Amino acid sequence: MSELSANLYGKDLVNDIRVIQKVMGVCPQHDLLWGALNGREHLLFYGRLRGLTGEELEGAVRKGLADVSLTFASRKQSSQYSGGMKRRLSVACSLIGKPSIVYLDEPSTGLDPASRRKLGMPVRRRRQTRPVHVSQHSGPGFWRMSDQPFHTGHRRRSTERLAFYSRGRRTSKRPSG
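Below you will find a few notes about this structure. (Residues numbered from 1 in each chain as written. Predicted model: local features only at pLDDT ≥ 70, side-chain atom pairs only at ≥ 80, totals over all residues. Heavy atoms only, no water.)

Considerations on the packing of aromatic side chains
Tallied over the full model, the rule gives 3 aromatic pairs. Ring plane angle 85° and centroid distance 5.1 Å describe the contact between Phe45 and Tyr46, whose orientation is recorded as edge-to-face. Relative accessible area serves as the criterion here: at 17%, Tyr46 is assigned to the buried category. Following the ring pairs from residue to residue traces out a cluster consisting of Trp34, Phe45 and Tyr46. (Phe/Tyr/Trp six-rings, centres within 6.5 Å; stacked < 30°, edge-to-face > 60°. Buried < 20%, exposed > 50% of the residue type's maximum accessible area, 1.4 Å probe, protein only.)

So, in structure tokens, the structure goes:
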């Protein structure tokens, strides 16, 4: 039997899991929320996983809740959230702490059109500096996002900042030029 390994940014998935938790944001298709915790406590938890502390953590929690329009429900247990509120909280958890890469699986499931547009705003801001991979049935046009060149340090690179997947295949294309 052969041994398999996986790595992200040169870090081993098994041996360097704490480092990977700090650099990768994930929003799975099914919300991974604890019903007894409120929205603020969820973001505090994920922010600490990403190494945030003190005022930096508090500021990131406030911004995360505001970005997904959940400030009003920040102290309400997530078990009392609607499906759309849970989805928005899950996206906020994946974005807190400025992870180096973000994976969003069906991030807008259960959201009304206005909430979908609002949720797209923090995702669009994030993809300006970091890769964001989105798996969604409704396709890239839904998010009104296109791949854009991005800057890494002093070197300009042209690559996807946002990738869409449908039935396991990537559907977005590299920007021209």
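A few points about the pairing of strand β4 (residues 101-105)
Sheet faces and side chains relate simply in a regular strand, where the side chains alternate between the two faces. Pairing of strand β3 (residues 24-27) with β4 involves 4 bridges; the strand directions are parallel. In the strand pairing of β4, Val26 is matched with Tyr103. Crossover handedness for the path β4 to helix α5 (residues 113-127) to strand β5 (residues 132-135): right-handed. (Pairing = 2+ DSSP bridges. Helix = DSSP H or I, 4+ residues; strand = E, 2+ residues; numbered from the N terminus. Right-handed = clockwise from strand over helix to strand, strands pointing away.)

A look at the layout of surface pockets
The volume enclosed by the largest pocket comes to roughly 410 Å³. Lining the largest pocket are 17 residues; nearest its centre among them are Lys63, Leu95, Gly97, Lys98 and Arg126. For the lining of the largest pocket, the elements supplying multiple residues, two or more each, are α3 (54-67), α4 (83-95) and α5. Tallying contributions element by element places α3 first for the lining of the largest pocket, with 5 residues. The residue makeup of the lining of the largest pocket, split by class, is 7 nonpolar, 3 polar and 7 charged. Empty space within the second largest pocket amounts to approximately 230 Å³. Where the lining of the second largest pocket is concerned, the elements lending two or more residues are α1 (17-23), β3, α2 (39-49) and α4. (1 Å grid on protein atoms, 1.4 Å probe; cavity = no way out; pocket = protein on both sides within 12 Å on 5 of 7 lines; lining within 4 Å. Points joined across faces, edges and corners; volume = space filled by probe spheres on them. Nonpolar A, V, L, I, M, F, W, Y, C, P; charged D, E, K, R; others polar.)

Thoughts on the pattern of salt bridges
Scanning the entire structure with this criterion turns up 5 salt bridges. Salt-bridge contacts for Arg40 lead to Glu58; the nearest nitrogen and oxygen are separated by 2.7 Å. Placement of Arg40 in helix α2 and of Glu58 in helix α3 is noted, with a sequence separation of 18 residues between them. Residue class for Glu58 comes out partly exposed when judged on its relative accessible area of 23%. The salt bridge involving Arg125 is made with Asp67; its shortest N-O contact spans 2.9 Å. Within this pair, whereas Arg125 is found in helix α5, its partner Asp67 is found in helix α3, the two being separated by 58 residues in sequence. By relative accessible area, which is 23% here, Asp67 ends up partly exposed. The network of salt bridges with common partners includes Lys63, Asp67 and Arg125. (Salt bridge = Lys/Arg side-chain N within 4 Å of Asp/Glu carboxyl O.)

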